[in-house]
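Okay, here's what each chain looks like letter by letter:
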Amino acid sequence: MREIVLDTETTGFDPESGDRIVEIGAVELWNHVATGETYHVYINPERSMPDEAFGVHGIGPDLLENPRPPEKGEVTLKDKPVFAKVGQGFLDFVRDSKLVIHNASFDMKFLNAELRWMGLPTLPMDQALDTLAIARKRFPGSPASLDALCRRFNIDNTNRVLHGALLDSEILAEVYLELIGGRQPDFGLSTSAASAAGGGDDWRPTARPTALSSKITAEERAAHDAFVEKLGENALWTRA
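Residues numbered from 1 in each chain as written. Predicted model: local features only at pLDDT ≥ 70, side-chain atom pairs only at ≥ 80, totals over all residues. Heavy atoms only, no water.

1. Let's talk about the sheet that holds strand β4 (residues 98–101)
Turning to step 1, where the next piece is worked out: Within the open sheet, the five strands sit side by side as β3-β2-β1-β4-β5. Their pairing is mixed. Lying at the two open borders of the sheet, with one neighbouring strand each, are β3 (33–42) and β5 (128–130). For this sheet, the mean angle separating the axes of adjacent strands, direction not counted, is 25 degrees.
Turning to step 2, where the next piece is worked out: Relative to β5, β4 runs parallel, the two being bridged by three bridges. Looking across to β5, one finds that V100 is bridged to L129.
Turning to step 3, where the next piece is worked out: Across the sheet, helix α3 (residues 104–118) touches β1 (2–10), β2 (21–30), β4 and β5, and the angle it forms with β1 is around 80 degrees.
Turning to step 4, where the next piece is worked out: Across the face of the sheet, helix α6 (residues 165–179) comes into contact with β1, β2, β3, β4 and β5 while running at roughly 35 degrees to β2. (Pairing = 2+ DSSP bridges. Helix = DSSP H or I, 4+ residues; strand = E, 2+ residues; numbered from the N terminus. Axes fitted to C-alpha atoms, helices over the stretch in contact; angles between N-to-C directions. Contact = heavy atoms within 4.5 Å.)

In structure tokens, the structure reads:
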């Protein structure tokens, strides 16, 4: 099963009001394991960068109303490709894989607006899996931001000084695995399965009331005994 954990950074909150995507980051999972394959691109939004958005992600000081030279860690955007140059490559990467996104409606709204403006196929909402909704359902009433979930699951996010699409995708991949049952989700015994076994939440495995019968034939046992006898009294099988 192929899944793509994805995040975007934007100039604001509403593409229909002129806001655009400035960064896309994504990591590939195969059967809930990161493959090392990633997708990452910075995008020239062809517009100015609001101070509020710049304060969140630190991208595009050259697009501010009062441009200035970039400081360490800041990314300029005037020399980056526009979305029309990367849209098809993005679709080729995600294909029809499930998209794991924190607050999926926000990112999907922007992605589909950009794709629609290009005349490319949009992404159906049912292709997205919203980890924010999963977290709110699993921990009702508790904070469900990415930072809050990192604290809950003891995931190191000390490098997350500013929002960044690729780093946030890598962190979200770890959070997602915890949300669905741990880093090896398919190996866990669900509560429903335990209850069906008759023990409820406190079920533990016990010894069989009757031992399983041996599958070794009499001929095989005789051949083994003859082999051990040839090894002498110091053979491992003769020790108590």
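2. A closer look at the environment of L167
Turning to step 1, where the next piece is worked out: Position of L167 among the secondary structure elements: in helix α6.
Turning to step 2, where the next piece is worked out: Residue classification places L167 among the partly exposed residues on the basis of a relative accessible area of 27%.
Turning to step 3, where the next piece is worked out: Along the sequence, L167 and H40 sit 127 residues apart, while their C-alpha atoms lie 10.0 Å from each other. (Buried < 20%, exposed > 50% of the residue type's maximum accessible area, 1.4 Å probe, protein only.)

3. Things to note about the side chain of D62
Turning to step 1, where the next piece is worked out: Relative to the assigned elements, D62 resides in the loop between α1 (51–57) and α2 (83–94).
Turning to step 2, where the next piece is worked out: Buried and unpaired, D62 has K78 as its nearest opposite-charge partner, separated by 5.6 Å.
Turning to step 3, where the next piece is worked out: A distance of 3.1 Å separates a polar side-chain atom of D62 from the backbone nitrogen of L77.
Turning to step 4, where the next piece is worked out: Excluding residues within four positions of it along the chain, D62 makes contact with P67, R68, T76, L77 and K78. (Lys, Arg positive; Asp, Glu negative; His and termini not counted. Salt bridge = Lys/Arg side-chain N within 4 Å of Asp/Glu carboxyl O. Polar contact = N/O pair within 3.5 Å; in protein donor to acceptor, adjacent residues only side chain to side chain.)

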